[in-house]
Each structure stands twice: as C-alpha cells, then as structure tokens.
Amino acid sequence: MAWLLWLIGAGALAVGEMLTLDLVLLMLAGGAVGGMTVALLGGALWLQLATFIIVSGVLLVAVRPIAKKQLTDRTPLQLDGVDTLIGRTAQVTAQVDRSGGRIRLGADEWSARSQHSAESFAVGETVRILEVDGATAVVGDALE
C-alpha cells in the first residue's frame, strides 16, 4: 500500500502547485510518482525514498529552468487587442492630420490622426501606427 501513499502525496503536491505556480511542487510531485513506481515494483522503502530524491533533484535542476523560461518568455510579453497594431504600417485613404483622417490596414479602415500638429499625410502615403487612442490610430512617418 506504499504506492497509494506516494500517489496521494503526488496529488497533494500537484494541487499545491496550482496555488503557488512556481513549478517546485510539480517537480516534487514527479519525484513522488517515481517513488510510487518503485513501490509498485516491490522496491524497499529506502529505494523508494532514494528514487524520490533523485527524480525530484533531476527535475528541479534540469526541467524546471526550461519550463519556467518557456512560461516567462511567452506569457507576459504577448500582445493582444489593439496593441498588436502598434508598429504596423498602413496606407492613407483620406488625408491625415492632427484633426483626423482615414487609413487602411489590411482589409480594415481606421480613423486616424497624426502624432504632431505639424504632420500631415496625403492619400496613398504609408504611415506607421504609433499608438491607438480609443478607435483612432495615432500615426507618424513610416520611417520612425
């Protein structure tokens, strides 16, 4: 019945991981699964504990840094919504100045205004979206 204790321990560690999200308890849960496997194969308690320690250590040293890097590299920097438009170029369809205008971005047409009062863009010019203010794209020179 030692395997059942290892299974319960692995489950408890996995649930604890859901609360901390640091990937440490998840690696320990993997070690507990290793201990459970040895218990199912009829290994002695000292072998079960040694397997738990070794598997947990390997997971903490080898797997956790890679998994954590994957999570932190992708999650916080992902752009969504209108933030994905910033930096893209568009074509002017109605003259754009500080008071307004229109641009075409792919198949969509947006209201737009220039970033500076002295800037004006004629129909057909290429502009770069610098920010989105409500439903209006704030644009500047495409070379900016």
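Definitions and cut-offs
Residues numbered from 1 in each chain as written. Predicted model: local features only at pLDDT ≥ 70, side-chain atom pairs only at ≥ 80, totals over all residues. Heavy atoms only, no water. Helix = DSSP H or I, 4+ residues; strand = E, 2+ residues; numbered from the N terminus. Buried < 20%, exposed > 50% of the residue type's maximum accessible area, 1.4 Å probe, protein only. Contact = heavy atoms within 4.5 Å. Salt bridge = Lys/Arg side-chain N within 4 Å of Asp/Glu carboxyl O.

Enquirer: Tell me about the environment of L28, residues and numbers included.
Expert: For L28, the location among the structural elements is in helix α2 (residues 24–40). Taking the relative accessible area as the measure of exposure, L28 reaches 24% and is therefore partly exposed. Once residues lying within four places of it in the same chain are set aside, the contact partners of L28 are L13, F52, S56 and L60.

Enquirer: I'd love a proper account of the pattern of salt bridges, names of residues and values included.
Expert: Taken as a whole, this structure holds 5 salt bridges when the rule is applied. With a closest N to O distance of 3.1 Å, R104 and E109 form a salt bridge. One salt bridge connects D133 with R113, and the closest N-O pair in it is separated by 3.1 Å. Of this pair, D133 sits in strand β4 (residues 126–133) while R113 is found in strand β3 (residues 108–114), placing the two residues 20 residues apart along the sequence.

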